[in-house]
Amino acid sequence: LGGTSAFNLEAHDGLENLVPKSEAFDQWSNVNCTTTSASDPFGGNAAFTLSGSGSGDFPNADRREIAGIHVTANVVYYASVYVKLPSSNPSSLFRIQLNDNAASYVVRGRLEVQINSGAFETASSENINTINYESVGSGWYRISFQFTPPANSTNISFRLIPDSTTPASSNTGKDVTFFGAQLNT
């Protein structure tokens with residue numbers, strides 16, 4: 001394909017994904033989450049439902065994350081993940097977050113998604129743009145956005161936070177099903 005560059009959100013399909021183990025969330029670092037296998041948007045069983053434990057004291061205390069993603073400062077990246085709410089114990093507020101591993105895990109990009117009457121909408125965001133919620137059928141959505149790491153940001157982590165309500169102790173049993181995290185240029 002000649003590289004990892006995509007010029008718009010649709011064009012990044014099929015290009016190199018910089019997220020290692022992007023369909024194996026059970027192999028990501030676990031921070032206070034339970035992971036259960038689930039059906040994915042393509043009819044397989046590669047998705048995972050994440051449940052927060054409610055044991056942390058801040059909104060992203062319960063999460064799955066993969067660290068060591070090498071990025072170049074001031075280059076536009078396209079992040080995406082497939083998301084579905086399970087039928088029982090669904091979350092009403094979840095987060096997709098990119099943190100800087102080399103700078104004390106400072107948030108470099110954040111999307112907080114609220115579910116209102118079954119519809120996904122942006123509750124808040126930080127340092128991202130071109131947010132898109134695309135229905136792909138059977139209750140699945142592909143959520144995508146643009147992210148540009150600032151100067152000196154070269155190593156990030158990709159975090160999936162099933163419930164970002166405050167206090168985190170209210171997060172117990174709030175679930176979100178994720179599949180296929182991607183970060184492309």
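See above for the structure.
The structure reproduced in this document is the subject of the present report. The structure displayed is predicted, hence computed values, not measured ones.

Topic: the side chain of Arg-95
Part 1 of the argument: The residue Arg-95 is located in strand β6 (residues 93–100) in this model.
Part 2 of the argument: Relative accessible area serves as the criterion here: at 12%, Arg-95 is assigned to the buried category.
Part 3 of the argument: In terms of polar contacts, Arg-95 uses its side chain to reach the side chain of Gln-97, at 3.1 Å.

Re unusual backbone geometry
Part 1 of the argument: At Lys-21, a position not held by glycine, the phi torsion is positive, near 55°.
Part 2 of the argument: Relative to the elements of secondary structure, Lys-21 occurs in the segment before β1 (29–31).
Part 3 of the argument: Here Thr-130, not a glycine, exhibits a phi torsion of approximately 50°, which is positive.
Part 4 of the argument: Along the chain, Thr-130 turns up in strand β9 (residues 128–137).
Part 5 of the argument: Overall, Thr-130 belongs to the partly exposed group, its relative accessible area being 42%.

Examining the sheet that holds strand β12 (residues 175–184)
Part 1 of the argument: The antiparallel open sheet is built from 6 strands, whose spatial order is β2-β3-β12-β5-β10-β9. Edge strands, defined here as strands with exactly one partner in the open sheet, are β2 (33–38) and β9. Here the strands of the sheet are splayed against their neighbours by 30° on average, with no regard to which way each runs.
Part 2 of the argument: Here 4 bridges tie strand β3 (residues 47–52) to β12, and the two strands are oriented antiparallel to one another. By the bridge assignment for β12, Phe-48 is matched with Phe-178.

Digging into the pairing of strand β11 (residues 155–161)
Part 1 of the argument: Of all 7 residues that make up β11, 7 are buried, and the element is covered over most of its length.
Part 2 of the argument: Here β11 shows no split at all, with Asn-155, Ser-157, Arg-159 and Ile-161 on one side and Ile-156, Phe-158 and Leu-160 on the other all buried.
Part 3 of the argument: Here 5 bridges tie strand β4 (residues 63–70) to β11, and the two strands are oriented antiparallel to one another. Residue pairing across strands places Arg-64 opposite Leu-160, the latter belonging to β11.
Part 4 of the argument: Bridge analysis of β6 against β11 gives 6 bridges, and the strand direction is antiparallel. Bridge assignment links Ile-96 to a residue of β11, and that residue is Leu-160.

Some thoughts on the nonpolar core
Part 1 of the argument: Phe-94, Phe-158, Leu-160 and Phe-178 are the most contacted members of the largest nonpolar core, which has 30 residues in total.
Part 2 of the argument: Of all the secondary structure elements, the ones that give two or more residues to this core are β3, β4, β5 (77–84), β6, β7 (106–116), β10 (140–147), β11 and β12.
Part 3 of the argument: Ala-38, Ala-47, Tyr-82 and Trp-140 belong to the second largest nonpolar core, which has 5 residues in total.

Criteria and thresholds
Residues numbered from 1 in each chain as written. Predicted model: local features only at pLDDT ≥ 70, side-chain atom pairs only at ≥ 80, totals over all residues. Heavy atoms only, no water. Helix = DSSP H or I, 4+ residues; strand = E, 2+ residues; numbered from the N terminus. Buried < 20%, exposed > 50% of the residue type's maximum accessible area, 1.4 Å probe, protein only. Polar contact = N/O pair within 3.5 Å; in protein donor to acceptor, adjacent residues only side chain to side chain. Pairing = 2+ DSSP bridges. Axes fitted to C-alpha atoms, helices over the stretch in contact; angles between N-to-C directions. Core = buried A, V, L, I, M, F, W, Y, C linked by side-chain atoms within 4.5 Å.

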